[in-house]
Amino acid sequence: MTARSLQALYVVVKRANHLREGLRLVVDVSHARVEPAAMEELRACSDSHHLPAAIDPMQSECRLSIVAPADAFGAEVFDAGAGAPVGAGTPGRIRAGSRSAVRARAAVRAREALGLAA
């Protein structure tokens, strides 16, 4: 994942965030190749609880947790709000690190948070 490709993920996160108020979103990139700049950007969003202004001009509250690759920041999970580990599921047989894998994980997490069947 690059800082440029991250923009597409932000659109998905924004949509999921607007589905239900107070939703805690988990972005699982644990099996992805993530450029350091992209990881820093994700971490900043998690810290600030906001998506970039270019993606969400209204700056809605966004409770975002990142399941990072094990070598990123010396930790497996980054969650600025909870301070506790976040579990990582594996939704289907999609090549780890692909855009489809990231989208699939975001969709599964959103459905779980909404209480919908997977």
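Anyway, here's the lowdown on the structure attached to this text. (Residues numbered from 1 in each chain as written. Predicted model: local features only at pLDDT ≥ 70, side-chain atom pairs only at ≥ 80, totals over all residues. Heavy atoms only, no water.)

### Describing the overall build of the protein chain
- A tally of helices and strands in the protein chain yields three helices and three strands.
- Starting at the N terminus and ending at the C terminus, the protein chain contains elements arranged as α-β-α-β-β-α.
- When the 118 residues of the protein chain are sorted by exposure, 38% land in the buried category.
- Long-range contacts, defined here as pairs at least 24 residues apart, represent 62% of the contacts in the protein chain between residues at least 6 apart.
- Of the accessible surface of the protein chain, which amounts to about 6,800 Å², a share of 53% is contributed by carbon and sulfur atoms. (Helix = DSSP H or I, 4+ residues; strand = E, 2+ residues; numbered from the N terminus. Buried < 20%, exposed > 50% of the residue type's maximum accessible area, 1.4 Å probe, protein only. Contact = heavy atoms within 4.5 Å. Areas by Shrake-Rupley, 256 points an atom, 1.4 Å probe, with all protein chains shown as cover.)

### Brief notes about the pairing of strand 1 (residues 24–28)
- Most of strand 1 is tucked away: four of the five residues are buried.
- Relative to strand 2 (residues 63–67), strand 1 runs parallel, the two being bridged by five bridges. Considered in strand 2, the bridge of Asp 28 is made with Val 67.
- Note that the unit made of strand 1, helix 2 (residues 36–48) and strand 2 has a crossover that is right-handed. (Pairing = 2+ DSSP bridges. Right-handed = clockwise from strand over helix to strand, strands pointing away.)

### With respect to the nonpolar core
- If you look at the biggest cluster of nonpolar residues, it comprises 22 residues, and the most contacted ones within it are Met 1, Val 13, Leu 64 and Ile 66.
- Mapped onto this core, the elements with two or more residues apiece are helix 1 (6–19), strand 1, helix 2 and strand 2.
- Top contributing element to this core by residue count: helix 1, with five residues. (Core = buried A, V, L, I, M, F, W, Y, C linked by side-chain atoms within 4.5 Å.)

### Topic: the environment of Ser 60
- In this structure, Ser 60 sits in the loop between helix 2 and strand 2.
- Measuring from C-alpha to C-alpha, the distance between Ser 60 and Glu 21 comes to 9.7 Å, with 39 residues separating the pair along the chain.
- Apart from residues lying up to four places away in sequence, Ser 60 is in contact with Asn 17, His 18, His 49 and His 50.

### Some points on the packing of helix 1 against helix 2
- The geometry of helix 1 relative to helix 2 is characterised by a closest axis approach of 11 Å and an angle of 25 degrees between their N-to-C directions. By the angle between their directions, the pair helix 1 and helix 2 is classed as roughly parallel. Considering only the axes of helix 1 and helix 2, their crossing is right-handed. Contacts from Leu 6, Gln 7, Leu 9 and Tyr 10 of helix 1 reach helix 2 at Ala 38, Glu 41, Leu 42 and Cys 45. (Axes fitted to C-alpha atoms, helices over the stretch in contact; angles between N-to-C directions. Parallel < 35°, antiparallel > 145°, perpendicular 65-115°, else oblique. Left-handed = near helix turned anticlockwise from the far one by under 90°.)

### What to know about the side chain of Ser 46
- Its location among the elements puts Ser 46 in helix 2.
- Of the polar contacts made by the side chain of Ser 46, one reaches the backbone oxygen of Leu 64; its length is 2.7 Å. (Polar contact = N/O pair within 3.5 Å; in protein donor to acceptor, adjacent residues only side chain to side chain.)

### Quick look at unusual backbone geometry
- Phi at His 49 takes a positive value of approximately 65 degrees, unusual for a residue other than glycine.
- Examined against the element boundaries, His 49 turns out to sit in the loop between helix 2 and strand 2.
- Phi angles above zero are rare outside glycine, and Gln 59 is one such case at about 50 degrees.
- Relative to the helices and strands, Gln 59 is located in the loop between helix 2 and strand 2.
- For Gln 59, a relative accessible area of 30% gives the class partly exposed.

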